[in-house]
2 protein chains.
Amino acid sequence: MSILVVGSLGLDTIETPFSKVEEALGGSAVYISLAASYFSQDINLVGVVGEDFPEKYIQLLSGRKIDLEGLQIIKGGKTFRWSGKYLYDMNSRETLLTELNVFKDFNPIIPENYRDSKLIVLGNIDPELQMNVLNQLNNPEFIICDTMNYWIERKNEALRQLLKMVDLLVVSDSEARLLANHPNLIRAAKIILQMGPKKLVIKKGEHGAFLLTNDTIFVAPAFPLEDIIDPTGAGDTFAGGMVGYLSRANTISDEELKKAVIYGSVLASFCVEKFSVDGLIDLDEAKIKNRFNQFRKLIYFED
Amino acid sequence: MSILVVGSLGLDTIETPFSKVEEALGGSAVYISLAASYFSQDINLVGVVGEDFPEKYIQLLSGRKIDLEGLQIIKGGKTFRWSGKYLYDMNSRETLLTELNVFKDFNPIIPENYRDSKLIVLGNIDPELQMNVLNQLNNPEFIICDTMNYWIERKNEALRQLLKMVDLLVVSDSEARLLANHPNLIRAAKIILQMGPKKLVIKKGEHGAFLLTNDTIFVAPAFPLEDIIDPTGAGDTFAGGMVGYLSRANTISDEELKKAVIYGSVLASFCVEKFSVDGLIDLDEAKIKNRFNQFRKLIYFED
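Residues numbered from 1 in each chain as written. Chains lettered and ligands numbered in written order. Predicted model: local features only at pLDDT ≥ 70, side-chain atom pairs only at ≥ 80, totals over all residues. Heavy atoms only, no water.

Focus on the overall build of chain A
Looking only at helices and strands, chain A features 10 helices and 13 strands. Against the globule reference of 19 Å for 303 residues, chain A gives a C-alpha radius of gyration of 18 Å, in line with a compact fold. Its C-alpha atoms give chain A principal-axis dimensions of about 60 × 45 × 35 Å. In chain A, which comprises 303 residues, the proportion classed as buried is 60%. Total accessible area on chain A is roughly 12,000 Å²; 46% of this is exposed by carbon and sulfur atoms. Averaging the positions of the 32 positive and the 41 negative side-chain charges in chain A gives two centres separated by 3 Å. (Helix = DSSP H or I, 4+ residues; strand = E, 2+ residues; numbered from the N terminus. Rg over C-alpha atoms; globule rule 2.2 N^0.38 Å. Buried < 20%, exposed > 50% of the residue type's maximum accessible area, 1.4 Å probe, protein only. Areas by Shrake-Rupley, 256 points an atom, 1.4 Å probe, with all protein chains shown as cover. Lys, Arg positive; Asp, Glu negative; His and termini not counted. Charge placed at Lys NZ, Arg CZ, Asp CG, Glu CD.)

A word on the pattern of salt bridges
Counting across every chain of the model gives 32 salt bridges over all chains. Residue Arg 187 of chain B pairs with Asp 227 of chain A through a salt bridge whose shortest N-O separation is 2.5 Å. On the criterion of chain membership, the pair formed by Arg 187 of chain B in helix 7 (residues 185–194) and Asp 227 of chain A in the loop between strand 13 (217–220) and helix 8 (234–249) is interchain, its members lying in two chains. Between Asp 282 of chain B and Lys 274 of chain B there is a salt bridge, with the nearest N and O atoms lying 3.5 Å from each other. With a relative accessible area of 38%, Asp 282 of chain B lands in the partly exposed category. Since its relative accessible area comes to 36%, Lys 274 of chain B is described here as partly exposed. A cluster of three or more residues bridged by salt bridges with shared partners is formed by Arg 187 and Lys 190 of chain A together with Glu 226 and Asp 227 of chain B. (Salt bridge = Lys/Arg side-chain N within 4 Å of Asp/Glu carboxyl O.)

Some words on the pairing of strand 13 (residues 217–220) of chain B
Residues and elements named next belong to chain B. Judged from the four bridges that link them, strand 12 (residues 209–212) and strand 13 form a sheet pairing that is antiparallel. In the strand pairing of strand 13, Phe 210 is matched with Val 219. The antiparallel pairing of strand 12 with strand 13 creates a hairpin that spans four residues between the two strands. (Pairing = 2+ DSSP bridges.)

Notes on the pairing of strand 8 (residues 119–122) of chain A
All names here are of chain A. Residues of strand 8 alternate between two faces, with Leu 119 and Val 121 on one and Ile 120 and Leu 122 on the opposite face, all of them buried. With four bridges connecting them, strand 1 (residues 3–6) and strand 8 associate as parallel partners. When the bridges of strand 8 are listed, Ile 3 appears paired with Leu 119. The β-α-β motif built from strand 8, the intervening helix 3 (residues 127–135) and the parallel element strand 9 (residues 142–146) has right-handed crossover chirality. (Right-handed = clockwise from strand over helix to strand, strands pointing away.)

Examining helix 8 of chain A
Over its 16 residues, helix 8 of chain A extends 22 Å from the first C-alpha to the last, a length consistent with the 22 Å expected when each residue adds 1.5 Å. With 13 of 16 residues buried, helix 8 of chain A lies mostly within the body of the structure. (Expected span 1.5 Å × (residues − 1).)

Remarks on the interface of chain A and chain B
One frequently used descriptor of interface size is the decrease in accessible area upon assembly of the parts. Counting residues at the interface gives 36 residues for chain A and 36 residues for chain B. A combined buried area of about 3,600 Å² lies between chain A and chain B, and 53% of that area is made up of carbon and sulfur atoms. Seen at the junction of chain A and chain B, the total is 10 salt bridges. Note that Arg 187 of chain B is salt-bridged to Glu 226 of chain A, the shortest N-O span being 3.4 Å. The set of elements that each furnish at least two residues to the side of chain A that touches chain B consists of helix 7 (185–194), strand 13, helix 9 (254–271) and helix 10 (285–299) of chain A. Taken together, the residues of the side of chain A that touches chain B sort by class into 17 nonpolar, five polar and 14 charged. (Contact = heavy atoms within 4.5 Å. Buried area = accessible area lost by both parts, 1.4 Å probe. Nonpolar A, V, L, I, M, F, W, Y, C, P; charged D, E, K, R; others polar.)

Details of unusual backbone geometry
All names here are of chain B. Not every positive phi belongs to a glycine, and Asn 250 is a case in point at roughly 65°. Mapped onto the elements, Asn 250 comes out in the loop between helix 8 (234–249) and helix 9 (254–271). Judged by relative accessible area, which is 52%, Asn 250 ranks as exposed.

A few points about the sheet that holds strand 5 (residues 66–74) of chain B
Residues and elements named next belong to chain B. The strand order across the open sheet formed by nine strands is 5-4-1-8-9-10-11-12-13, and the pairing between neighbours is mixed. Each edge of the open sheet is held by one strand with a lone partner, namely strand 5 and strand 13. Across the sheet, the mean angle from the axis of one strand to that of its neighbour is 15°, orientation sign disregarded. Bridging between strand 9 (residues 142–146) and strand 10 (residues 168–172) involves three bridges; their strand directions are parallel. Looking across to strand 10, one finds that Cys 145 is bridged to Leu 169. (Axes fitted to C-alpha atoms, helices over the stretch in contact; angles between N-to-C directions.)

Looking at the relation of the copies chain A and chain B
With an axial shift of 0.0 Å and an RMSD of 0.0 Å, the rotation relating chain A to chain B amounts to 180°. The operation mapping one copy onto its partner corresponds to a two-fold rotation axis. For chain A, the residue whose C-alpha comes nearest the rotation axis is His 207 of chain A, separated from it by 3.0 Å. A high fraction, 100%, of the interface residues of chain A reappear at the interface in chain B, so the copies pair face to face through one surface. (Least-squares fit on C-alpha atoms with pLDDT ≥ 70 in both.)

Quick notes on the environment of Leu 100 of chain B
Residues and elements named next belong to chain B. By secondary structure assignment, the location of Leu 100 is in the loop between strand 7 (93–99) and strand 8 (119–122). The class of Leu 100 is partly exposed, set by a relative accessible area of 38%. Each C-alpha atom, one on Leu 100 and one on Arg 81, is 6.5 Å from the other, the two residues being 19 residues apart in sequence.

What follows is the structure, given as structure tokens:
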């Protein structure tokens, strides 16, 4: 099934207790597409960059067979920049700088060729823009949506409208608690399912992820890693691994979604092992399948 | 295999956002023994209470076939009291009061009849006292040890000596990070295994638990609960469920330990559904097995 990814592309400056990178490739659409590219060669990207966006990053994305017809390059514009610093435990971070630049006026236009895409991933952007994207599509089969605290607080009404259209909402635990206004995660999940999305994934970082539907609950651990180099993009990579797997499976059921959650966790585990997108550029089917099997061993217990 | 449990017995006053209980039965030895009593009828308890310890609590413990020969009742003494308040999210708590009373001078004396016990659980007390216990035993087969931040910081040398004798250390994630002085939990675990314990369980509260040995790593989720009434004693109950299962299994291997972790999680999930020990008094084999099977479903994904 073809995939449409709408989100940000940016240049990230990231500092950790151990190292630093400057103006590295980043953005939700980038992480989602790269992760999905290990499962699908039918990925359509919609986003915006400035004229300063390095050609090598364009090459990197198109080298992974990601279609860039939907990538707007704004003449004279400056690409979105983000800068953050991870603290000692790598679980919390400070944002040092957010320069929206061309992303400020981002208006996602879906090329004619993309409008029949079946699997839609709405990266974390203004819910009004996410809705605009949906309005341009012909017959999407499964809509995956991300959001964040900022939109939950400031565009709650637009977000609530959008959630009625969404098949799978993917949020972090703190976002879920905020959206549902309930501290218990399972209760929060049930409240969110009442808001419209048919299914919900709650990401808990180093503690793994939950999948909840009206019929099932599934719990996946995060892959236990001794060296976490850079957590940036892990959540988007998770969504990208999920949608990639669903595209390859070519069928959407709760059982396939459970496996998609594990594949999402697999890709996220590779992502955080290196800076920026470096963990997502030299994977292959064997490495991915091997880690998928390690997940199974990790949770297996006898009868 | 016979079980020896050494730890505290106390009267807990617990406040949550929803309710409050006063002078309810509590203490590590209590939670451990009650949880284990669903698997074994050969449980030997060593602890201390004052003359004010209610007879009904003695009845409750002996009614569960827990041997109380090792329970010292200090004439004219006052029982250990603890009072705590859980905050809105039920994950963090404030200690309002700790009155050690007779527990201050606790000197665990192991009755002759207990000295051949095979499975030993050293509840969270001064590591010097935990060592004294071990010195009184004839031929223990498997020693499980709990500790806390207080001892890691103030009795580090004694604790390090003790860890060399321990088969399984059971600590929380924050305790593991403190003991190993490393923020990454997997690294911390490997550092701790170097200190002596053959195996390690790290409890992560609502995020489940890890089992680590030199050969294996196992991740268990916590049971997803919509209503957490009182988290007090969940960690001790977890250890009690583990040791109880090992006693019944009558063999100790990594595979049995994995199942023990799940049974520990099962018992802990029942514990937190009610105040004090109320969740641990009306269980039976069917209820326990049923939740064990739900755990398997929770993490199951297809090949």
